[in-house]
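# Breakdown of the fold
Each chain, letter by letter, is given below.
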Amino acid sequence: MNKIKLRKIIFAGLCAAIIFIGISLFRINLPAIVGRPFIHFGNTFAVISVMILGFKYGASAAVIGLGLFDVLNGYAATAWITVIEAVILAAVTAVVFQAVHYQSGQLYKLYLVSLAAGLIKIITSWLAGVIESVMVGVQLPVAVVNAFLSLPAAAINSLATFLVVPLIYIALQKTVLKRIRL
Amino acid sequence: MLELKHLNYLPPQHKQPLWQNLTLQMYPGKIYGLIGVNGVGKTTLLNLLSGLITPTQGDVYWQQQPIHRSKKALRTYLATVGYCLQDADHLFFKQTVQEELEYHHKGSMTQIIEKLQLETLLELSPFELSGGQKKRLALAIMLLKQPQMLFCDEITAGLDTHFQDVVMSLLQDYCREHLVLLVTHNLDEALKYCDELLFLDQSGLHAYTTAAVLKQPEIFEQFQLLMPRSLEICQALMNAGILPSNSYYRSDEEIAQALATLWNKGTNQL
Amino acid sequence: MIVETALLQVQHLQYVAEQLVNLELETTKHEILHDVNFSIQAQDFVGLVGPNGSGKTTLSKLLTRILEPTAGKILINGTDYQAVTPQWQLHQYVSMVFQNVDAQFIGPNFVEDMALYLGNFNWSPAKIQTRIQEISDQLGLEELIERPFNSLSGGQKQLLAIAEALALQPQLLILDEPTAQLDPENTQLVLNLLQKLQTQYQITIILVTHKLAELALTNRVLILNHGTITQTCATDKLLTDMNLLQQNQLPVPDTVTIAQHFQKLTGKQLMLTNSNLETFIQTFKEQLC
Amino acid sequence: MTATAKLDGRTKLLTCVFLTLFMFSFHYYWQYLVIIMLFAILLLVGFNAQERGQLFRHWKLITFLPAINLFANLFFVNGRVIWSWGWLHLTNLDLQIFIRIALLLMFALALTIKTTPQELALSVGKIFNSLSFRRYHGAGVPLVIIIMVAFIDEFQATFVTVKQAYRLRASTAVEVKGWQRILDYAFLLQPIILISMKKADQVADALTAKGYHHNSSLFDYQSIKYHWLDWLVYSALVALVVVNVLLVRIF
Ligand SMILES: Nc1ncnc2c1ncn2[C@@H]1O[C@H](COP(=O)(O)OP(=O)(O)OP(=O)(O)O)[C@@H](O)[C@H]1O
Ligand SMILES: Nc1ncnc2c1ncn2[C@@H]1O[C@H](COP(=O)(O)OP(=O)(O)OP(=O)(O)O)[C@@H](O)[C@H]1O
Ligand SMILES: [Mg+2]
Ligand SMILES: [Mg+2]
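Presented here is a report on the structure given in the accompanying data block. (Residues numbered from 1 in each chain as written. Chains lettered and ligands numbered in written order. Predicted model: local features only at pLDDT ≥ 70, side-chain atom pairs only at ≥ 80, totals over all residues. Heavy atoms only, no water.)

Within the structure, ligand 2 sits among 20 residues, and B:Ser130, B:Gly132, C:Lys56, C:Thr57 and C:Thr58 are positioned closest to it. Ligand 2 sits at the junction of chains B and C, each of which supplies nearby residues. For ligand 2, an oxygen atom lies 2.9 Å from a polar atom in the backbone of C:Gly53. Contacts to ligand 2 include C:Glu177, whose side-chain N or O atom sits 3.5 Å from an oxygen atom. Going through the elements one at a time, α5 (131-144) of chain B together with β1 (8-22), β2 (26-40) and α1 (56-63) of chain C are the ones with two or more residues in the shell around ligand 2. Class assignment for the residues of the shell around ligand 2 results in 3 nonpolar, 14 polar and 3 charged. (Near = heavy atom within 4 Å. Polar contact = N/O pair within 3.5 Å; in protein donor to acceptor, adjacent residues only side chain to side chain. Helix = DSSP H or I, 4+ residues; strand = E, 2+ residues; numbered from the N terminus. Nonpolar A, V, L, I, M, F, W, Y, C, P; charged D, E, K, R; others polar.)

Bringing the pattern of salt bridges into the picture now. If charged atoms from side chains of opposite charge come close, those side chains can pair. With the rule as written, the count across this model stands at 18 salt bridges over all chains. In this structure, the salt-bridge partner of B:Glu100 is D:Arg169, at a minimum N-O distance of 2.6 Å. Pair noted here: B:Glu100 is in helix α3 (residues 97-102) and D:Arg169 is in helix α8 (residues 140-170), and the two residues belong to different chains. The same class applies to B:Glu100 and to D:Arg169, which are both buried. In this structure, C:Asp113 and D:Lys210 form a salt bridge, with 3.3 Å as the shortest nitrogen-oxygen distance. Taken together, the positions of C:Asp113 in helix α3 (residues 110-119) and D:Lys210 in the loop between α9 (178-209) and α10 (228-250) put the pair across two chains. Where salt bridges share partners, they join A:Arg7, C:Lys61, D:Asp201 and D:Asp205 into one cluster. (Salt bridge = Lys/Arg side-chain N within 4 Å of Asp/Glu carboxyl O. Buried < 20%, exposed > 50% of the residue type's maximum accessible area, 1.4 Å probe, protein only.)

Ligand 1 sits among 21 residues. The nearest are B:Thr43, B:Thr44, C:Arg147, C:Ser151 and C:Ser153. At ligand 1, the nearby residues belong to more than one chain, namely chains B and C. With respect to ligand 1, the side chain of C:Arg147 contributes an N or O atom lying 2.3 Å from an oxygen atom. Protein contact buries 86% of the 630 Å² of open area that ligand 1 shows by itself. Elements supplying a minimum of two residues to the shell around ligand 1: α1 (42-49) of chain B together with α5 (154-166) of chain C. Taken together, the residues of the shell around ligand 1 break down into 5 nonpolar, 13 polar and 3 charged. (Areas by Shrake-Rupley, 256 points an atom, 1.4 Å probe, with all protein chains shown as cover.)

All names here are of chain B. Listed as protein donors to the magnesium ion (ligand 3) are Thr43 (OG1) and Gln86 (OE1); their distances from the metal cover 1.9 to 2.3 Å. Here Gln86 lies in the loop between β6 (81-84) and α3 and Thr43 lies in helix α1, a separation of 43 residues in the sequence. Judged by relative accessible area, which is 15%, Gln86 ranks as buried. (Donors = N, O, S within 2.8 Å, 3.2 Å for Na, K, Ca; no water.)

Dropping the structure here:
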């Protein structure tokens, strides 16, 4: 491990902490049929940390932040789903971010990235809902419908991610990122 | 007039409040020096006085009005307070020093910038400054706010002598019409510049005028502090029989003055 | 004849802070240090002084290899810093206390943080335990070591940071204004400890400071001004040279101030050979009576 | 030192995860009863009065979350209906889900009471080490968790001080109206993240100076050994599964 790696690890820790706090402080619970939908900012920061740190460290931050939150707050049984969701989200973000060749000032490219992240989040949320329903013993067709009913929260989260991510990223870029090389 | 009435604070997870009883009155036009050992609660006291945290007992009164009675009262009070935090980093929001200084301040600020020599730093980010530069920036921001009372937490720690003098003379100017309270571990500085010294320990605040402290230097020992150097020299000179035994001097300059008068008297006699 | 190599040699050191203006296209450069040269013998106690913003913290960071120099070389025991591999080897014998102590800890309290720190250097838990005990006895930290960091005052944290830097008994210890937030009694405690370390354990210390009491402990001072070493000299010599002190915004010993003012008022010059209080009184007695 | 303190962090984590997953195989109420009995015994033996107090202080959370879920489930028919009233149907499964979620919360809380974040971090690292057949020796994963925990504390403290400092600097005696206030708070997020990032940078400096970029022995995975109590716990878990399967076969 060298200094750069250490720095990345520390920033991954910071991002994980921000994700964790983004979930636990700014959380609005929604009642639903399956799972535990609530509106939160965890995903937003997860996407940003992938953009800052790259896939490997960003995904670790997302997995640890989201996963540990689940384990410590009584969703241990479904933590593994969250982890897979986080990895998929990180992968898609990283790939799209790489593909658009972002250069500073190109806001629309950032919106492309956040659009991709938002869409994939909705899809994975729905799949996760289906799996969770099946896990507690519901038949598959019912589960598919049930999962749709708990989507509104995911949609709101995705919309928030889509809107906020580029703004925060640009703010960070203007201030911190130009001094700290990661 | 700023008044503390039976003020006390119980930190979270502590069993006992920090002090037994704090009651005091402070007036504008003076510099107060708050002195005490590490961890006795100086920073906590300043946080209470500046309305940043709510006391668990008692209250702070400004112009006879309790500040924590209502939100509105607290808001008006906050507008009259300037406070340089111990960790200056937390005061900064903006991207450059320039923006930082302009934030909520309209009007000329060249004088303060010049005094604290911030001209060359205006383009830098406040987080890039060196330790001493951060302290200066924090003070500049707070002075530009023109508060009724100014609290400074260890403002001179980490400053070189030139800026220590600059800062202290700025504060001396400022205290003519306003209240200034500063925390310091530099006791020489406290003796030299403060009009009243507030010693803080578990039992509470003990206020002495500087003259009173000079007359009974054992006070320092009583509060587990070492005697300031200038006082030590003064005592040594007295013990050696050079200075008369009932003489009190606040600073090296005054000691030198006294010695010079003695000398001149001696040479005249010859 | 044996040629003794100095513990630390710094040659033509330069450091330029770069910032990206537009992502990787343009950079602005601030030259913070240029052409710094000095060497330090083993077991020396060196003060690093200079006005605010002269680059002391930056230099200390370079000496700990947190920052990489833009140009120039640092040699420790005759070997280049760049040649010390793996890099962490260096941190077994060079340790540092930062100006901002808040950032030094990652564990929830001192004991756990030390366990991580020393565990990192392959210490066994039992050995770590005794070391913590030793250090806390030396500095009187019993009641602080188990308290969570976020409930401690500024000075208390500073004390713990110093304790931690001593844990490995490093060869070279760099302290960046270690007592800025300490009360006089704790300051004395730390200074006594530093002196003891230097004499008993032969540790080389570089002390960045603005305070006179600390300066008086050192043997030699490096004066840094506007990013370069303008002078190195013995501390005793510096302490009686009022001009040099004032030029570099250093505190002047009270005895010297008094003598100077006295001279201004009476025209009588007091010859002070050092800033010691007894000799000061002695001089006065002789000359005045 | 109590018996639970001697247990390895891994054992505690795995036990918690295992028990939660195990519940999903249940079909009968007596199975839940057994689990609850076991948990009660564990609470009596392994926890002292203060820790039990800590656990039950969260009774609101433990009942509230499953209750919401139960309420939502009343609108759907999944499985055998026990009781119904108009639109609302209480089914067998609804009740079971209620019990499961409540127990799940209790287990997780018990875990957090019994392990420090450091221990948890290390055990995650160890599990990684075992899963990769001892090929993963890194300190990365545990270090990220440890630093994350440190920053969570730090972040909350920073949030408080920055909010205070903001009030101090921004205060104009005029009252700020609702929407503007929310906007102000939103803008506060930026300096907080900025300060945290700066702090992270300083932490990185400090940790470099302390030699943390030295990888191999921050956590010495080789020397980590199980205590006999750990094996006891694991065999108890296996016994539980076996007995459960047997009983289900018989009835
Ligand atoms: N949030 C908190 N939680 C727990 N304890 C606290 C908290 N804030 C302060 N304390 C305790 O209150 C005491 C006073 O702290 P404070 O920071 O006011 O000391 P201080 O006099 O400013 O010390 P220093 O000179 O070292 O800065 C300390 O012992 C500290 O442990
Ligand atoms: N990343 C950076 N970019 C631009 N300028 C910088 C950067 N870091 C430091 N500086 C500048 O370099 C100079 C030296 O800073 P440094 O912190 O080394 O000073 P110092 O001697 O430790 O001062 P002090 O006694 O106040 O702590 C300062 O003027 C500071 O503004
Ligand atoms: Mg303090
Ligand atoms: Mg510095």
